[in-house]
Amino acid sequence: MSSRFTDSSVMSAVTIMLATITGCVSQDRDDASLLAEARAITQQFTATLLPTLQNALSEGGPEHAIEVCSVRAPEIANELAESTHWSVRRVSLKARNDKIATPDSWERKVLSEFEARQSKGETGATLSESGKIDGEFRFMQAQITMPLCLTCHGTNVSAGVSAALREKYPNDLATGYRAGEVRGAISLRYSRD
């Protein structure tokens, strides 16, 4: 699947939008403003990563997508962090990259709550949490397993995908998911200091 926008053009547009939002709000932002900004950042993360992975899959298959994701997902998070002054990362109870995706205690609690809320019928789009934790504004938005994700995160991954995952992520725990399950979350932090 091809996108008519490049990663850099989308990132540039979002950087301008976020700079405008940030410039319109005082340094002493209220929680509602921070929440709106956090939601915009998580949407941008997803809007940049998803077409990148779709292109990688169509260009070189799942093994190529694993390589692209291992490099591009952290880069996208870092680019957003740099342009917005938020800490941006993905976390999971079953981390693929244990060096950067292992949740802290608050993230672990929220991820468990997301799973409980989903088991009671709440939809993925509404699974988010925010609050002031240890002097920082924190926000998490659940990442739901889509059919596309099952190629590398599902219960029945191919031998080639398994080999590529073992090579890239020797401590990978992020398989065995079914479509619709909470796979992790995008986690943001903003310090007012």
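Residues numbered from 1 in each chain as written. Predicted model: local features only at pLDDT ≥ 70, side-chain atom pairs only at ≥ 80, totals over all residues. Heavy atoms only, no water.

(A) Region of the structure containing the overall build of the protein chain. Assigned secondary structure in the protein chain consists of 5 helices and 4 strands. Along its sequence from the N terminus, the protein chain presents helices and strands in the succession α-α-β-α-β-β-α-α-β. Going through the 193 residues of the protein chain one by one, you find that 38% of them count as buried. Contacts in the protein chain between residues at least 24 apart in sequence constitute 68% of all its contacts with a sequence separation of at least 6. Within the structure as shown, the protein chain displays about 10,100 Å² of accessible surface, and the carbon and sulfur contribution to it stands at 54%. (Helix = DSSP H or I, 4+ residues; strand = E, 2+ residues; numbered from the N terminus. Buried < 20%, exposed > 50% of the residue type's maximum accessible area, 1.4 Å probe, protein only. Contact = heavy atoms within 4.5 Å. Areas by Shrake-Rupley, 256 points an atom, 1.4 Å probe, with all protein chains shown as cover.)

(B) Quick look at the pattern of salt bridges. One pass over the structure, following the stated rule, counts 14 salt bridges. The closest approach of N and O atoms between K168 and E67, which form a salt bridge, is 3.1 Å. Here the residue K168 occupies a position in helix α5 (residues 159-168), and E67 occupies one in helix α2 (residues 31-84), the gap between them amounting to 101 residues. The class for K168 is partly exposed, based on a relative accessible area of 33%. Between E79 and R72 there is a salt bridge, with the nearest N and O atoms lying 3.1 Å from each other. (Salt bridge = Lys/Arg side-chain N within 4 Å of Asp/Glu carboxyl O.)

(C) Molecular detail of the sheet that holds strand β4 (residues 182-191). Spatially, β1-β4-β3-β2 is the arrangement adopted by the 4 strands of the open sheet, whose pairing is antiparallel. Looking at the sheet topology across the chains shown, the edges are occupied by β1 (87-91) and β2 (128-133). Averaged over all pairs of adjacent strands, the angle between their axes in this sheet comes to 20 degrees, without regard to strand direction. Two strands pair when backbone bridges link them, and β1 and β4 are joined in this way by 5 bridges, in the antiparallel orientation. Bridging from a neighbouring strand, R89 pairs with S187 of β4. On top of the sheet, helix α3 (residues 105-119) reaches β1, β2, β3 (136-144) and β4; it is set at about 40 degrees to β3, its chief contact. (Pairing = 2+ DSSP bridges. Axes fitted to C-alpha atoms, helices over the stretch in contact; angles between N-to-C directions.)

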